[in-house]
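Now for the letters of each chain:
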Amino acid sequence: MEQKLSVIMAADVVGYSRLMELDEKGTLATLMAHRQELWDVAVAAHHGRIVKLIGDGMLMEFRAVEDAVLCAVEIQRGMQTRNAGTQRDRRIEFRIGINLGDILFEDGDVYGDGVNVAARIESLAKPGGISVSASVHDTLGGRLDIRFEDTGAQALKNIGRPVHIYNIVIDDGGSEGAALMAPPTQEVRENPPVKSSRTLLYVSRFANLSGNPDEDYFAAGITQDVVAALSRFSGLNVIVRLPRPEPQPQARTTYYTLEGSVRRAADRVRVNASLTNATGEHIWADKYDFDLVDMFDVQDELSRSIPAALNVKIEEAERYRILAEPLKGSSAYDFYLRGRHIEKSLKPDEVRRAKEMFLAAVDADPAYARGYLGLAWLDIRKLKWNERADMEATLASAFASASKALELSPCDADVHWALGVAHLWRGEAERAIGCYERGRELAPNNCDLLAEYCDALGYLGLLEDAIRIGELALRLNPSRPDWYFWNIAAARYLSGQYTEALALLEKMADLGSAYRLLAATYAQLGRLEDARRAAAELLKLNPEFSIERYGSRAPYRDKALLARYVEGLRLAGLPE
């Protein structure tokens, strides 16, 4: 049995029993024609598959939320056309429900909470209509040229929590259908618009060192893919050319230069990449060796690895550059980076200073989203690190700040990530997943986002997905911060893999609040003296830690997983 996040569409016929009473043979023949001529074609065209037929209903799985929604809109518009000449009481109309959630796959069938939610949403859809969960709505963002009607949180039969539902507004669009709005550009341009709040990155075209001019296309393709991926990081202005020697950039303009080369010989390829700052100092360099089995696999890997590494290294370099400059005359961007650097500390005085920096960023430029984003993260960490705080007020403050950031910068992946965390701690699992998935679509190689998603998936009980995504973040990030190990270790712990969890925790140079997990892990392994020492270290950092506060706040969807964690904390001797 396999468990993973997936997109499920459920559909059935409105008033099927009545139609069968009126004309059983005719209804069956018409339904079969609709399925073969419309449904089968549309589902295949949108990269879906029909999992099973259930009487008058169907369950379908899709690779992406966009595919499912576009397919559903096409089908419902198609049914409007097909029903146009049919007597109203003889028309076959479908209800459709779509959900992004936790699905179990076994022997070609699907089960689980995500399937049940899709089926319940479908039952609430209007005849000829489409209803979707908040996770679907939030993942789409504004990229589809369709409108939604917010129906609010709904109580669904046999689902133990309310689910926020949206109806898709289907106009008389004829054959035009809904269309994807333009994604971030993948075209290599010489002079894209430059935003002052972003760092300049000049990308030279990767050089072909193979000695064969026929291989130029390969080097050009790698450049194109890397640039397209880099353009999705909201902190960068990517320009595909080397900076001209004259004129010199203005004093406060900072830029970095990425250079690379490709050497292909027989069935092997080596790609070198290096990053330098405006003074020519090397910030980062790496080489990538591949067996050239599939050229597209090589390009895909490089378009993940190089942008991920650059995003990490450029932000690190920018933070240290800003810290070396005087505070007077700082921009909103400068204040934000200073706050980002300081907020990593556990010391209350430095956390207060970080808040001052984020407020200064907002004051310097009220339209700069990341000042609000920084404030949201300060509130979120109070909950994640089990600090004493009014949970309701803290969550409300985090949500307000993140929502303001989203209003100002709807295509910033980090903003969707922060909103995802807020929804998670509010107990809104579907909306949390939707926000994280939207963030991933905007910046697929944002390592910190991936590592944080690992943490969220652990709380939601999707442990295999959590480990997979966490390990991807670890592989892509050349700096490998300690908290990545912590998040993967938590998923291992919750899976009962205590030895594997301990191995990851032992790689951390500075455990900080991860002493909590270390104490529980030692306890589950029977190493009670080590567990009590780890618990003592945690209490030095957070003297007010309590099991009761942790258990009442932590957003575990599966309370059995929370019980496993709490068991370890109690065995380690942490205070109730």
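Novice: So what exactly am I meant to see when it comes to the layout of surface pockets here?
Specialist: Picture a little ball the size of a water molecule; that probe, rolled over the atoms, points out where space is still empty. Of the voids in this model, the second largest pocket is the one considered here, and its volume is about 500 Å³. Along the wall of the second largest pocket there are 20 residues; nearest its centre are Pro-348, Val-351, Arg-381, Lys-382 and Glu-387. Elements with a minimum of two residues in the lining of the second largest pocket: helix H9 (348–364), helix H10 (369–384) and helix H11 (391–408). For the lining of the second largest pocket, the leading source of residues is H10, giving five residues.

Novice: Would you take a moment to explain unusual backbone geometry for this structure?
Specialist: Leaving glycine aside, a negative phi is the common case for residues, and trans is the common case for peptide bonds. We note that His-47 has phi near 60°; this positive angle belongs to a residue other than glycine. Summarising the element assignment, His-47 is placed in the loop between helix H2 (24–45) and strand S2 (48–54).

Novice: What am I meant to see in the packing of aromatic side chains here?
Specialist: The relative placement of two aromatic rings is captured by the distance of their centres and the angle of their planes. Taken as a whole and assessed by the stated rule, the structure comprises 15 aromatic pairs. Between the aromatic rings of Trp-377 and Trp-417, the centroid separation amounts to 5.1 Å while the plane-to-plane angle is 65°, which identifies the pairing as edge-to-face. You can see Trp-377 sitting in helix H10 and its partner Trp-417 sitting in helix H12 (residues 413–425), a full 40 residues away along the chain. Grouping residues by exposure puts Trp-377 and Trp-417 together as buried. Between Tyr-493 and Tyr-498 the ring centres are 5.1 Å apart and the planes differ by 65°, which places this aromatic pair in the edge-to-face class. Each member of the pair, Tyr-493 together with Tyr-498, is buried. Grouped by ring-pair contacts, the aromatic residues Trp-425, Tyr-459, Tyr-493, Tyr-498, Phe-545, Tyr-550, Tyr-556 and Tyr-565 constitute a single cluster.

Novice: I keep staring at the pattern of salt bridges and nothing clicks. Help me out?
Specialist: Should the charged atoms of two oppositely charged side chains come close, the side chains can pair. All chains considered together, the criterion is met by 18 salt bridges. Residue Arg-352 is joined to Asp-349 by a salt bridge in which the shortest nitrogen-to-oxygen separation is 2.1 Å. Of this pair, Arg-352 and Asp-349 both sit in helix H9, three residues apart, which is roughly one turn of the helix. Classification of Asp-349 as exposed rests on a relative accessible area of 51%. The shortest N-O distance in the salt bridge between Asp-412 and Arg-370 comes to 3.0 Å. With Asp-412 in the loop between H11 and H12 and Arg-370 in helix H10, the pair connects residues that are 42 residues apart, well separated along the chain. On the accessibility criterion, Asp-412 (3% relative accessible area) is buried.

Novice: How should I be thinking about the pairing of strand S9 (residues 199–203) in this particular structure?
Specialist: Working note: regular strand, side chains alternate between the two faces of the sheet. Most of S9 sits inside the fold, with five of its five residues counted as buried. Side-chain alternation along S9 places Thr-199, Leu-201 and Val-203 on one buried face and Leu-200 and Tyr-202 on a second face that is also buried. With four bridges connecting them, S9 and strand S12 (residues 255–265) associate as parallel partners. Counted as the bridge partner of Val-203 is Leu-258 from S12.

Novice: Could you clarify how one ought to interpret the side chain of Thr-223 in this entry?
Specialist: Position of Thr-223 among the secondary structure elements: in helix H6 (residues 216–230). Among residues more than four places away in sequence, those in contact with Thr-223 are Val-203, Ser-204, Arg-205 and Phe-206.

Novice: How do you make sense of the packing of H12 against helix H13 (residues 429–442) when you look at a structure like this?
Specialist: Each packed pair of helices is defined by two parameters, the angle between the axes and the distance between the axes. Their axes nearest at 8 Å, the elements H12 and H13 cross at an angle of 165°. Classed by the angle they form, the pair H12 and H13 counts as roughly antiparallel. Between H12 and H13 lies a crossing whose hand is left-handed. Contacts from Ala-413, His-416, Trp-417, Leu-419, Gly-420, Val-421, His-423 and Leu-424 in H12 reach Arg-431, Ala-432, Cys-435, Tyr-436, Arg-438, Gly-439 and Leu-442 in H13. In terms of residue class, the contact of H12 with H13 is built from nine nonpolar, four polar and two charged.

Conventions we followed
Residues numbered from 1 in each chain as written. Predicted model: local features only at pLDDT ≥ 70, side-chain atom pairs only at ≥ 80, totals over all residues. Heavy atoms only, no water. 1 Å grid on protein atoms, 1.4 Å probe; cavity = no way out; pocket = protein on both sides within 12 Å on 5 of 7 lines; lining within 4 Å. Points joined across faces, edges and corners; volume = space filled by probe spheres on them. Helix = DSSP H or I, 4+ residues; strand = E, 2+ residues; numbered from the N terminus. Phe/Tyr/Trp six-rings, centres within 6.5 Å; stacked < 30°, edge-to-face > 60°. Buried < 20%, exposed > 50% of the residue type's maximum accessible area, 1.4 Å probe, protein only. Salt bridge = Lys/Arg side-chain N within 4 Å of Asp/Glu carboxyl O. Pairing = 2+ DSSP bridges. Contact = heavy atoms within 4.5 Å. Axes fitted to C-alpha atoms, helices over the stretch in contact; angles between N-to-C directions. Parallel < 35°, antiparallel > 145°, perpendicular 65-115°, else oblique. Left-handed = near helix turned anticlockwise from the far one by under 90°. Nonpolar A, V, L, I, M, F, W, Y, C, P; charged D, E, K, R; others polar.

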